[in-house]
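Descriptive analysis of the structure
Single-letter residue listing:
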Amino acid sequence: ARVFRGYALPLAELIDAAAAVADGVLSVRVAARGSPEFQRLADSFNHMIEELARSDQQRRNLTADVAHELRTPLHIIRGNLEGVLDGVYAPTPEHIEATLQETRALARLVDDLRTLSLAEAGELPLECEPVDVGDLLADLVTSFSAQAETAGIDLSAAVENGDSAGTALAMQADAGRLDQVLSNLVGNALRHTRAGGQIRLTACREADRV
């Protein structure tokens, strides 16, 4: 009877729980009982299911976020083109440029999705090289200056020198990937900053890191 309670029953519960997970039920949990080995096994199984549930929720959130991010530029492009075709808007360079900007936003989203899929698969290539932090931030400010000006936001950058001799602040990194990350942050900051606000990009050396 002790062997049955200590091994057979916990094993049966674990088999049933594994079958439920195979059917997509991630709310199942196993009671930690029986022998110490089975208790550790139950704890490990429950932790694994919690991680699976968390990953599944993250995927759901990502799908919802991507759908939301894609919807906005698509609506703008569609509205601009329909307005031109209906004669509401004149095909001026301004309207064409606005539509082109939205297509660029879509292209960035597609590139971001591809980068994310490569990162999750462990196949994201990194090409580390010396990166001048001042040049990196200056390029960001230049890239977003028109958008910031249109939104009435003051966008600027400040970089402290790397040492007392005035050597430029530099770091080993993948310049392209770093630009992607910072561009996403600046883009989000511009969307959530009110007119008259300020966005300031700063970089400095802290201990032995940039």
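Residues numbered from 1 in each chain as written. Predicted model: local features only at pLDDT ≥ 70, side-chain atom pairs only at ≥ 80, totals over all residues. Heavy atoms only, no water.

Tallying each qualifying case throughout the model produces three salt bridges. When the shortest N-O distance is used, the salt bridge between Arg54 and Glu51 registers 2.6 Å. Of this pair, Arg54 and Glu51 both sit in helix H2 (residues 36-85), separated by three residues, roughly a single helical turn. Look at Arg54 and you get partly exposed, because its relative accessible area is 41%. (Salt bridge = Lys/Arg side-chain N within 4 Å of Asp/Glu carboxyl O. Helix = DSSP H or I, 4+ residues; strand = E, 2+ residues; numbered from the N terminus. Buried < 20%, exposed > 50% of the residue type's maximum accessible area, 1.4 Å probe, protein only.)

Every α-helical turn comprises 3.6 residues, leaving residues that sit three or four positions apart pointing alike. The end-to-end C-alpha distance of helix H4 (residues 133-151) is 26 Å, a good match for the 27 Å that 19 residues give at a rise of 1.5 Å each. A bend of about 50° at Ser145 is the largest found in H4. Along H4, the positions that sit buried rather than exposed are Val133, Leu136, Leu137, Leu140, Val141, Phe144 and Ala148. The N-cap residue of H4 is Asp132: its side-chain oxygen and the backbone nitrogen of Gly134 are 2.9 Å apart. Immediately beyond the C-terminal end of H4, within one or two residues, lies Gly152, with a positive phi of roughly 70°. (Expected span 1.5 Å × (residues − 1). Bend = angle between axes of the 7 residues up to and from the residue. Polar contact = N/O pair within 3.5 Å; in protein donor to acceptor, adjacent residues only side chain to side chain.)

What follows deals with the layout of surface pockets. Size it by volume and the largest pocket reaches roughly 1,400 Å³. The greatest single-element share of the lining of the largest pocket, amounting to ten residues, is contributed by helix H3 (residues 93-120). Classifying every residue of the lining of the largest pocket by side-chain character gives 13 nonpolar, twelve polar and eight charged. There is about 200 Å³ of room inside the second largest pocket. What lines the second largest pocket is a set of 14 residues, and nearest its centre among them are Val133, Leu137, Leu182, Thr202 and Ala203. At the level of secondary structure, the elements contributing two or more residues to the lining of the second largest pocket comprise H4, helix H5 (175-191) and strand E4 (198-203). The residue makeup of the lining of the second largest pocket, split by class, is 13 nonpolar, one polar and no charged. (1 Å grid on protein atoms, 1.4 Å probe; cavity = no way out; pocket = protein on both sides within 12 Å on 5 of 7 lines; lining within 4 Å. Points joined across faces, edges and corners; volume = space filled by probe spheres on them. Nonpolar A, V, L, I, M, F, W, Y, C, P; charged D, E, K, R; others polar.)

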